[in-house]
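# Architecture and fold: a report
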Amino acid sequence: MATTLRARPAALNLTPSAEARIADLMGRAPADAIGVKLSTPKRGCSGLAYSVDYVTEAKPFDERIDTPGGTLFVDGGSILYLIGSTMDWVEDDFTAGFVFQNPNAKGACGCGESFTV
């Protein structure tokens, strides 16, 4: 009996506007940047925050997500907090930024800058 492998689902889903923003960031990236990296450092009222930064080297346990405009790396230590999340880029008259729909988040601070799992 042959084993059938199915495609592994993405750990994080990106909307077309998030992919476009990654492409825009990579178009203006420093020369040594190989992509952008999403992590969840301990910060804010609720304990964890979302952080997106340029990355110059891939770490062994980072999750790699290739998009049409560039590569998004997800920090290996943060991936368990982000599985099943959707990353979007939203702009309005007053703000612009990445917005996350995270099914693992059990709460968030009043300002929306940090979350808890």
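Conventions used here
The residue numbering used here restarts from 1 in each chain and proceeds along that chain's sequence as written. Residues qualify for local features only when their pLDDT is at least 70, as the model is predicted, and side-chain atom pairs are given and counted only at 80 or more; totals for whole chains, interfaces and linings, by contrast, use all residues. Think of the side-chain values as coming from all heavy atoms in the structure, minus any hydrogens and water. In this description a helix means any DSSP run of H or I spanning at least four residues, a strand means any run of E spanning at least two, and both kinds are numbered starting from the N terminus. The cut-offs for exposure are 20% and 50% of the maximum accessible area for each residue type, with area from a 1.4 Å probe on protein chains only; residues under the lower value are buried, those over the upper are exposed, and the others partly exposed. Note on contacts: a residue pair qualifies if any of its non-hydrogen atoms lie within 4.5 Å across the two residues. Note on areas: Shrake-Rupley with a 1.4 Å probe; residue coverage comes only from the protein chains shown. By definition, two strands form a pair when at least two bridges between them are found by DSSP. Think of each axis as a best-fit line through the C-alpha atoms, taken over the contacting stretch in the case of a helix, with angles from 0 to 180 degrees between the N-to-C directions. Residue-level confidence of the predictor, termed pLDDT, takes values from 0 up to 100.

### Brief notes about the overall build of the protein chain
- Helix and strand counts for the protein chain come out as two helices and ten strands.
- Along the protein chain, helices (α) and strands (β) appear in the sequence β-α-β-β-β-β-β-α-β-β-β-β when read from the amino end.
- Burial status across the protein chain gives 34% buried among its 117 residues.
- Considering only residue pairs separated by 6 or more positions, the protein chain has 50% of its internal contacts joining residues 24 or more positions apart.
- With an accessible surface of roughly 7400 Å², the protein chain has 53% of that area assigned to carbon and sulfur atoms.

### Quick notes on the pairing of strand 2 (residues 35-39)
- Burial analysis of strand 2 places five of its five residues in the buried class, which makes it a mostly covered element.
- In terms of strand pairing, strand 2 meets strand 4 (residues 51-55) through five bridges, oriented antiparallel. Bridging across to strand 4, V36 finds its partner in Y54.
- Direction of pairing for strand 2 relative to strand 6 (residues 70-74): parallel, over a ladder of three bridges. Bridge pairing links V36 to L72 in strand 6.

### What about the sheet that holds strand 8 (residues 96-101)?
- Read across the open sheet, the three strands follow the order 1-7-8; overall the sheet is mixed. Edge positions in the sheet fall to strand 1 (12-14) and strand 8, since each has one partner strand and no second. Averaged over all neighbouring strand pairs, the angle between strand axes comes to 25°, with direction disregarded.
- Bridging between strand 7 (residues 85-91) and strand 8 involves six bridges; their strand directions are antiparallel. Residue pairing for strand 8: W89 is matched across the bridge by F98.
- Together, strand 1, strand 7 and strand 8 form the strand contacts of helix 1 (residues 16-27), whose direction differs from that of strand 7 by roughly 70°.

### Quick look at the confidence of the model for the protein chain
- Taken as a whole, the protein chain shows an average pLDDT of 85; of its residues, 86% reach a score of 70 or greater.
- Strand 10 (residues 114-116) is the least confidently modelled element of the protein chain, averaging 66 in pLDDT, while helix 1 averages 94, the highest of any element.

### Details of the sheet that holds strand 5 (residues 63-67)
- Spatial ordering of the open sheet is given by 4-2-6-5, a layout of four strands whose pairing is mixed. Every other strand in the sheet has two partners, leaving strand 4 and strand 5 as the edge strands with one partner each. Neighbour to neighbour, the strand axes of the sheet diverge by 25° on average, direction disregarded.
- Bridge count for strand 5 against strand 6 is five bridges, and the pairing is antiparallel.

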